[in-house]
Amino acid sequence: MQALAMLVRTIGGLNRIVGEVLSWLALGCVLVCFAVVVERYVFNSSTLWMQDLYVWLGGAMFTGVAGFALMRDDHVRVDIFYRPAPLRKKAIADLFGVVFFLLPYIYVVFHYAWPAVTRSWGYQEGSANIGGMPGLFLLKGFIILFCVLVGLQGLAMAARAILVLANREDLLPDDLRYNDAKEVH
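In this text, all values refer to a predicted model and were calculated from it rather than measured experimentally.

Colleague: Which residues make up the side chain of Arg 160, and what are the values?
Modeller: Examined against the element boundaries, Arg 160 turns out to sit in helix α7 (residues 136–165). Apart from the residues lying within four places of it in its own chain, the contact partners of Arg 160 are Val 8, Asp 94, Glu 169, Leu 172, Leu 176, Arg 177 and Tyr 178.

Colleague: Which residues make up the packing of helix α2 (residues 25–41) against helix α3 (residues 48–64), and what are the values?
Modeller: Packing of α2 against α3 leaves a shortest axis separation of 9 Å and a crossing angle of 160°. Our classification of the angle between α2 and α3 gives roughly antiparallel. In this structure, α2 crosses over α3, and the sense of that crossing is left-handed. From α2, Leu 25, Ala 26, Gly 28, Cys 29, Val 32, Cys 33, Ala 35, Val 36, Glu 39 and Arg 40 reach across to α3, where they touch Met 50, Gln 51, Leu 53, Tyr 54, Leu 57, Gly 58, Ala 60 and Met 61. Across the contact of α2 with α3, the residue classes tally to 13 nonpolar, three polar and two charged.

Colleague: Explain the environment of Leu 171 to me, and be specific about the residues and the numbers.
Modeller: The residue Leu 171 is located in the segment after α7 in this model. Classification of Leu 171 as buried rests on a relative accessible area of 15%. It is 9.7 Å that separates the C-alpha atoms of Leu 171 and Arg 160, two residues lying 11 residues apart in sequence. With sequence-adjacent residues up to four places away left out, Leu 171 is seen in contact with Met 1, Gln 2, Ala 5, Arg 9 and Leu 163.

Conventions adopted
- Residues numbered from 1 in each chain as written.
- Predicted model: local features only at pLDDT ≥ 70, side-chain atom pairs only at ≥ 80, totals over all residues.
- Heavy atoms only, no water.
- Helix = DSSP H or I, 4+ residues; strand = E, 2+ residues; numbered from the N terminus.
- Contact = heavy atoms within 4.5 Å.
- Axes fitted to C-alpha atoms, helices over the stretch in contact; angles between N-to-C directions.
- Parallel < 35°, antiparallel > 145°, perpendicular 65-115°, else oblique.
- Left-handed = near helix turned anticlockwise from the far one by under 90°.
- Nonpolar A, V, L, I, M, F, W, Y, C, P; charged D, E, K, R; others polar.
- Buried < 20%, exposed > 50% of the residue type's maximum accessible area, 1.4 Å probe, protein only.

Now the structure itself:
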């Protein structure tokens, strides 16, 4: 059980670091978008690479922080059943969801993305727009990062669920427990 708790803490720490760093891309996205709007409407000009940049920053941010959002339980779920459920039922639902939905989804995305991403990296693909950003291959690499971080967080969720079902959630720090872990069910 200690190993499962260590797995949850390690993956949670990795996703926290990546999420907190990449969340700053939101500021970059807003600033670049603002610059594009000013350039277009004040100076009556347009730079294609800047238009690519804010879209790419948004894409990199959302794919990069997905594991962090999953760790924080920020993803959308059907709360009418999950929220009022006792802790053990939440753990069962999470374990079932990870094994039968999340991990197969991650496998499919990885399986189909890998050839396209490696091909893109192989010829260092750039924007399809003339005058657009070079380095589209870097952005496509975030698809693989998404798969790795969300897949790892799925494993951490499964491990956390197993700890709850074994009545050993006390091995986890408060920020990695279920939100209602202090409630008695």
